[in-house]
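Architecture at a glance
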Amino acid sequence: MSKLFSPVNLGQVELDNRIVIAPMCQYSAVEGKATAWHRIHLGNLALSGAGLLIIEATAVEPAGRISPQDLGLWDDETQAALREVIEDIRHYSPIKIGIQLGHAGRKASVSAPWSGGKQLSIEEGGWQTLSASNLPHDPAERAPREMTTQDLARVKQGFVDSALRAVALGIELIEIHAAHGYLLHQFLSPLSNQRSDEYGGSLDNRMRFPLEVFRAVREAVPSAVAVGIRISATDWVEGGWDLAQSTVLTQKIEAAGGDYVHVSSGGLSPLQSIKVTAGYQVPFAKALREQTRMPVIAVGLITEPQQAESILQQGEADLIALARGVLYDPRWPWHAAAALHGAVHIAPQYRRAEPHGVKGTVK
């Protein structure tokens, strides 16, 4: 039997296969509210046959958006807009749904990628950003404001409040975003965190705020809801966040009741040097899997069914996440089932599309 199409649990959430659709920003919300684009986009991916669909990075406060068009979940209006999308999905798909909660920190207030992705001035609709320290992501950008203890308390409560809103929507999994150079990653890395208080300096101090956020969310939501974390295993910059520090963080997350770790890399510094090859981040997932009992999700240029199957068979990860690849081929899980003799849940409206030579790939 294909391991990719075997069931797995993330906490108490059971998935019928190990294919995860990773969160991917769409820059298509209006004042944080989901739109018809989200209904089309997420509805399409919900019919893919994957075991888990994680909704894009969702800001816990307006200042935490990457762009003005980012999705949010900070008030009744943003919650109501997302409810409409989720209710439509639930009507037609049994897929498990997660959401990634985050705060962009110093990488906030930028335009959408297709508009250049550059920092927006206040006059252009941008805003003053926040971070662990007043160090900009790029020297050419205006500096963020170093967060005060009041800021830390507000943002932590924002994560909790957004998590509770997600639970009220029936979302089964919450992923805390501590990767790709966004706020929690900014606290973790010595390249972006040069604080002199208890939240800066030593590894324990740099981990303090991300762990406070994680623990607060884990304690606030029911045990039936899975709570995990996405991390960048390395900054790909000398003297930055690295695999050894990621190992310590992963073990702390496990001790805090974490249900999984989703392993990516990079995003903190424009100085990063990455040689991108097929499965280039899988070694990080493998290394962390050897140090934790939590399930580990691997991601990053995993494009072929047999490649995904081999990663699982070799014990390098427990689940496989797809991002750009599933945008290119939204039926990737179904195609993988045909290649690996597995089966996926498909809407009955689509079952007659099963090719004659690959019968048995839908259920």
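Residues numbered from 1 in each chain as written. Predicted model: local features only at pLDDT ≥ 70, side-chain atom pairs only at ≥ 80, totals over all residues. Heavy atoms only, no water.

A few points about the packing of aromatic side chains
As a reminder of what qualifies: When two rings of Phe, Tyr or Trp (its six-membered ring) have centres within 6.5 Å they constitute a pair, described as stacked for plane angles under 30 degrees, edge-to-face for angles over 60, and tilted for the intermediate range. Helix and strand definitions here come from DSSP, where helices need a minimum of 4 consecutive H or I residues and strands a minimum of 2 consecutive E residues; each element is numbered from the N-terminal end. Here's how the labels work: a residue is buried when its accessible area is under 20% of the maximum for its type, exposed when over 50%, partly exposed in between, all with a 1.4 Å probe on protein chains only. The rule is short: NZ of Lys or CZ of Arg within 6 Å of the ring centre and within 35 degrees of the ring normal puts a charge over the ring.
The final tally for this structure, using the stated rule, is four aromatic pairs. Between Tyr 27 and Trp 114, the ring centres sit 5.9 Å apart and the planes meet at 85°, which makes this aromatic pair edge-to-face. Taken as a pair, Tyr 27 in the loop between strand E3 (19–21) and helix H1 (36–46) and Trp 114 in the loop between strand E5 (96–102) and strand E6 (130–131) lie far apart in primary sequence, 87 residues in all. Judged by relative accessible area, which is 15%, Tyr 27 ranks as buried. Arranged with centres 5.5 Å apart and planes meeting at 70°, the rings of Trp 236 and Phe 284 form a pair that is edge-to-face. Of the two residues, Trp 236 is situated in the loop between strand E9 (226–232) and helix H6 (243–255) and Phe 284 in helix H7 (residues 282–289); the sequence distance between them amounts to 48 residues. Accessibility expressed as a relative area gives 13% for Phe 284, which makes it buried. One aromatic cluster in this structure is built from Phe 187, Tyr 199 and Phe 209. Sitting over the face of the ring of Trp 127, Arg 65 holds its NZ or CZ atom 4.9 Å from the ring centroid. Here the basic side chain of Lys 107 rests over the ring of Tyr 182, its NZ or CZ set 4.7 Å away from the ring centre.

Notes on unusual backbone geometry
We note that His 180 has phi near 60°; this positive angle belongs to a residue other than glycine. Inspection of the secondary structure puts His 180 in the loop between strand E8 (173–178) and helix H4 (183–188). The backbone phi angle of His 341 is positive, close to 60°, even though this residue is not glycine. Locating His 341 in the fold gives a position in the segment after helix H10 (332–340). On the basis of relative accessibility, which here comes to 73%, the residue His 341 falls in the exposed class.

Digging into the pattern of salt bridges
Quick note on the threshold: Salt bridge criterion: a side-chain nitrogen from Lys or Arg within 4 Å of a carboxyl oxygen from Asp or Glu.
Summed over all chains, the structure comprises 14 salt bridges. Residue Asp 151 pairs with Arg 154 through a salt bridge whose shortest N-O separation is 2.9 Å. Here Asp 151 and its partner Arg 154 are both found in helix H3 (residues 149–168), three residues apart, which amounts to about one turn of the helix. We note a salt bridge from Lys 286 to Glu 290, for which the minimum N-O separation is 2.8 Å. For Lys 286, a relative accessible area of 32% corresponds to the partly exposed category. Connected through salt bridges with shared partners, the residues Glu 61, Arg 145, Asp 151 and Arg 154 form a single ionic network.

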